[in-house]
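Structural features, examined
Next come the chains, spelled out residue by residue.
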Amino acid sequence: MSKHAFITGASSGIGEEIAREFSRQGWSLTLVARRVEKLEALAEELDTEVLVLPADLSDWKVCQSLIDQAEAKFGPVEALINNAGIQYVERASGVSPERIDRIWGLNVLTPMHFMHAVLPQMEARKAGYIVNIASMAGITPTPGMSHYNGTKAGIAAMSESLRVEVESQGVHVLTVYPGPVESDMEAAAREQYQETAAAKFAPMGKPDVLAKKIYKAMVGRKARVVYPSVYGVARYTRVTSQWITDKFAPPLKD
Ligand SMILES: NC(=O)c1ccc[n+]([C@@H]2O[C@H](COP(=O)([O-])OP(=O)(O)OC[C@H]3O[C@@H](n4cnc5c(N)ncnc54)[C@H](OP(=O)(O)O)[C@@H]3O)[C@@H](O)[C@H]2O)c1
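Summarised in this report is the structure supplied together with it. (Residues numbered from 1 in each chain as written. Predicted model: local features only at pLDDT ≥ 70, side-chain atom pairs only at ≥ 80, totals over all residues. Heavy atoms only, no water.)

Once that is clear, we can look at helix α4 (residues 97–125). In this model, α4 (29 residues) spans 41 Å end to end at C-alpha, consistent with the 42 Å of a helix rising 1.5 Å per residue. Where α4 bends most, the angle comes to about 50 degrees, and this point is Gly 105. (Helix = DSSP H or I, 4+ residues; strand = E, 2+ residues; numbered from the N terminus. Expected span 1.5 Å × (residues − 1). Bend = angle between axes of the 7 residues up to and from the residue.)

Attention shifts here to the site of the ligand. What surrounds the ligand is a group of 32 residues, the closest being Ser 11, Arg 34, Asn 83, Tyr 148 and Ser 183. For the ligand, an oxygen atom lies 3.0 Å from a polar atom in the backbone of Gly 9. Contacts to the ligand include Ser 183, whose side-chain N or O atom sits 2.6 Å from an oxygen atom. Of all the secondary structure elements, the ones that give two or more residues to the shell around the ligand are α1 (13–24), α4, α5 (146–167) and α6 (184–192). By residue number, the principal contributor to the shell around the ligand is α6, which donates three residues. A class-by-class count of the residues in the shell around the ligand yields 15 nonpolar, ten polar and seven charged. (Near = heavy atom within 4 Å. Polar contact = N/O pair within 3.5 Å; in protein donor to acceptor, adjacent residues only side chain to side chain. Nonpolar A, V, L, I, M, F, W, Y, C, P; charged D, E, K, R; others polar.)

Turning our attention to the pattern of salt bridges. The tally for this structure, following the rule as stated, stands at 13 salt bridges. The closest approach of N and O atoms between Glu 17 and Arg 20, which form a salt bridge, is 2.9 Å. Of this pair, Glu 17 and Arg 20 both sit in helix α1, three residues apart, which is roughly one turn of that helix. In this structure, Glu 17 and Arg 20 share a single accessibility class: buried. Here Arg 24 makes a salt bridge to Glu 21, at a shortest N to O gap of 2.8 Å. Of this pair, Arg 24 and Glu 21 both sit in helix α1, three residues apart, which is roughly one turn of that helix. On the basis of relative accessibility, which here comes to 5%, the residue Glu 21 falls in the buried class. (Salt bridge = Lys/Arg side-chain N within 4 Å of Asp/Glu carboxyl O. Buried < 20%, exposed > 50% of the residue type's maximum accessible area, 1.4 Å probe, protein only.)

Our focus in this paragraph is the packing of α4 against α5. Close contact between α4 and α5 brings their axes to 9 Å; oriented N to C, the two are set at 10 degrees. Looking at the two axes, α4 sits roughly parallel to α5. The crossing of α4 and α5 is right-handed. Contacts between α4 and α5 involve Ile 100, Ile 103, Trp 104, Asn 107, Val 108, Pro 111, Met 112, Met 115, Leu 119 and Glu 123 from the first element and His 147, Tyr 148, Gly 150, Thr 151, Lys 152, Gly 154, Ile 155, Met 158, Leu 162 and Val 166 from the second. Counted by class, the contact of α4 with α5 contains 13 nonpolar, five polar and two charged residues. (Axes fitted to C-alpha atoms, helices over the stretch in contact; angles between N-to-C directions. Parallel < 35°, antiparallel > 145°, perpendicular 65-115°, else oblique. Left-handed = near helix turned anticlockwise from the far one by under 90°. Contact = heavy atoms within 4.5 Å.)

What follows is the structure, encoded as structure tokens:
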């Protein structure tokens, strides 16, 4: 039986390209998102076996059942890719309590519960990969998307510490820090900000290139991927980078 990857948010953008890359590398895939027709169209296109599981992941209580269904079909999850996410680009004061629960649920609690659901079997087998898609927004938070920044800092910190904790058990955890990468989410965010020179000329990545980097870093047991790589400088110059972000980040349109 081929290896089994469980990928969330595979119906568009970065997750869709991660699914293509894993399929090219011969993995069987469980794909999860809400837009079932997009997942099914992708499954049609791919050469490896695919299980489509439509689900709203903003409620973490669905996690264990999804993992059970995936493992019943393809055996133990050998790579968990926590990619599904949403972003609010607006003033924090306008975000309703329900939407606060939604973004923290989807971006933080659900990945935590998926990890909880697969870690025991990975540790027992002394093998497995976990890939968490964080964001540069968790390192140099930008005004106008404070909830998003908070969720991404949270998943990044958890992921970085888990990597060290489980490496000796044979499990590898990769943390991914995309800067701006072409996708529906990125385009929607850009719409909400005024077009300043800094925003216009900020380097932008491509999701297929990022997906290849993620796969290579995962099997190469690297700690993290920063892409476009120029943004990696912010990890070493956090104070200065935050000062630059505070000063030059584009204001919201409203
Ligand atoms: N693009 C960037 O510039 C950028 C930068 C940094 C980090 N990221 C991160 O990269 C990841 C992928 O984002 P993207 O840029 O590829 O955006 P995208 O094209 O909007 O993809 C988001 C994915 O998440 C899924 N999703 C959203 N809400 C969901 C829900 N309630 N339940 C299940 N799935 C849900 C969507 O599927 P459905 O709508 O079908 O449910 C979709 O497949 C996110 O975690 C994002 O924060 C992106």
